[in-house]
Amino acid sequence: MKYTPKSLCAGLLASVVIAGAAPVHAETYIVAVGAASNSLQGRSAARFAEELQERLGDADKVEFYADAQLGDEKELMQKLRLGTVQFTLISSIMTNVAPEFALFDMPFLVQDREHLKAIDKNLVRTELAPKAEAAGLHVISTWENGFRQITNSKKPINVPADLDGLKIRTPSSEWRVAMFKEWGANPTPMAFSEVFVALQTGTMDGQENPLTNIVGANFQEVQGYLSLTGHVYSPTYLTTGAGTWGKMSDGVKAIVGEVASEVQDWSLAQGEKADSELVDKVRAAGVEVNVADKAAFVAASVPIYEAFAAKVEGGDKLVGLAQSLAN
């Protein structure tokens, strides 16, 4: 073939492009979370992304983003529906998808992590996941977020009356807000990414989160008191878009399911380990730690269960089933 100057330039350009081109992937799967990268949610999602990449091989590409780089939970949930993000972790705001998910907002419902696994298998998969599917989301697995504790800058919280008037940040969950109002606090829903500054500036007096999130976001730097209430076990759901799931091959679905199951076990074990280790880390930062009067909080929570049963269709049945699965 004879090259003219024009064809020679084109040929050289093509060879450069080909030589420097990135590999072409059959599919790209984006795993994104709003949580801090060093929180348990962030580390669990990173582990899932890493294991998924290994199982899928080089033909497909898995990208991971944390620290709300692609948006907070609410924004990521919408991106799942649009198909621009393939996997995320959704926690308390799942109640905005279907009211039945507020089961996990019932105080002191989940006894331990074995109880959580039983609820996941016998209740989340059968009763709750279909509700999310109808709203365009496919729940793959239930992972650790953890038992929630209260921090604040004013005083130890021993009984609900100690919360009177305190400005407490909550997730955007109707029932979490109702719970803290019932206990006498002044709760305000706020995106997790905004909480540190709100605590630092005094816009909020306190917040409630699992220890992994508290330490992951360095709240111990801007709070004076940690009260171990364990008032709610808050799971996080590995979720994809219903449309995305429907387009996946059976082989990819099987791999996703296997990895999700393995990461569930890992995340629950990590959460249990953190319950003891992170209290010491918070205390070492100069935070005063106390164990709250659980019985007082349980007694003050009866109206929350009554409201759930009255407002959520089948609420009594869900609570009864969850309680029956405890060891």
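Everything here concerns the structure above.
Residues numbered from 1 in each chain as written. Predicted model: local features only at pLDDT ≥ 70, side-chain atom pairs only at ≥ 80, totals over all residues. Heavy atoms only, no water.

## Observations regarding the overall build of the protein
For the protein, the helix and strand inventory stands at 12 helices and 10 strands. For the C-alpha atoms alone, the extent of the protein along its principal axes is close to 90 × 45 × 30 Å. By the burial criterion, 50% of the 327 residues in the protein qualify as buried. When the accessible surface of the protein is totalled, it reaches about 14,500 Å², and 53% of it is carbon and sulfur. With 29 positive and 40 negative side-chain charges, the protein shows a separation of 5 Å between the mean positions of the two kinds. (Helix = DSSP H or I, 4+ residues; strand = E, 2+ residues; numbered from the N terminus. Buried < 20%, exposed > 50% of the residue type's maximum accessible area, 1.4 Å probe, protein only. Areas by Shrake-Rupley, 256 points an atom, 1.4 Å probe, with all protein chains shown as cover. Lys, Arg positive; Asp, Glu negative; His and termini not counted. Charge placed at Lys NZ, Arg CZ, Asp CG, Glu CD.)

## Comments concerning the layout of surface pockets
Considering only enclosed or pocket space, the largest pocket measures out at about 440 Å³ in volume. Residue lining of the largest pocket: 26 residues in total, with Glu73, Ile93, Arg169, Ala191 and Phe192 positioned closest to the centre. Of all the secondary structure elements, the ones that give two or more residues to the lining of the largest pocket are helix 3 (73–82) and strand 4 (137–152). It is helix 3 that provides the largest number of residues to the lining of the largest pocket, a total of three residues. Classifying every residue of the lining of the largest pocket by side-chain character gives 11 nonpolar, 10 polar and five charged. (1 Å grid on protein atoms, 1.4 Å probe; cavity = no way out; pocket = protein on both sides within 12 Å on 5 of 7 lines; lining within 4 Å. Points joined across faces, edges and corners; volume = space filled by probe spheres on them. Nonpolar A, V, L, I, M, F, W, Y, C, P; charged D, E, K, R; others polar.)

## As for the pairing of strand 9 (residues 233–241)
Taken residue by residue, a regular strand's side chains alternate between the two faces of the sheet. For strand 9, a buried count of nine out of nine residues is recorded, marking the element as mostly surrounded by other parts of the structure. Alternating residues of strand 9 divide into Tyr233, Pro235, Tyr237, Thr239 and Gly241 and Ser234, Thr236, Leu238 and Thr240, and every residue in both groups is buried. Pairing analysis gives three bridges linking strand 3 (residues 88–90) to strand 9, with the strands arranged antiparallel. Looking at strand 9, one finds that Ile90 is bridged to Tyr237. In this structure, strand 4 lies alongside strand 9, joined through nine bridges in antiparallel fashion. When the sheet's bridge partners are listed, Leu137 is paired in strand 9 with Gly241. (Pairing = 2+ DSSP bridges.)

## Some remarks on the packing of helix 4 (residues 113–134) against helix 9 (residues 250–284)
Running from amino to carboxyl end, helix 4 crosses helix 9 at an angle of 150 degrees, the nearest separation of the two axes being 11 Å. Of the possible angle classes, the one that applies to helix 4 and helix 9 is roughly antiparallel. Crossing hand, helix 4 versus helix 9: right-handed. Along its contact with helix 4, which presents Arg113, Leu116, Lys117 and Asp120, the element helix 9 presents Gln264, Asp265, Leu268, Gly271, Glu272 and Asp275. Along the lines of polarity and charge, the residues of the contact of helix 4 with helix 9 split into two nonpolar, two polar and six charged. (Axes fitted to C-alpha atoms, helices over the stretch in contact; angles between N-to-C directions. Parallel < 35°, antiparallel > 145°, perpendicular 65-115°, else oblique. Left-handed = near helix turned anticlockwise from the far one by under 90°. Contact = heavy atoms within 4.5 Å.)

## Points about the packing of aromatic side chains
What characterises a pair of aromatic rings is the spacing of the ring centres plus the angle enclosed by the ring planes. For the structure shown, the criterion picks out 10 aromatic pairs. Relative to Phe308, the ring of Trp175 has its centre 5.7 Å away and its plane inclined at 75 degrees; by these criteria the two rings are edge-to-face. Of the two residues, Trp175 sits in helix 5 (residues 174–182) while Phe308 sits in helix 11 (residues 302–311), which places them 133 residues apart along the sequence. No difference in accessibility class separates Trp175 from Phe308, as the two residues are buried. Among the aromatic residues, ring-to-ring pairing joins Tyr29, Phe48, Phe87 and Trp143 into one connected group. (Phe/Tyr/Trp six-rings, centres within 6.5 Å; stacked < 30°, edge-to-face > 60°.)

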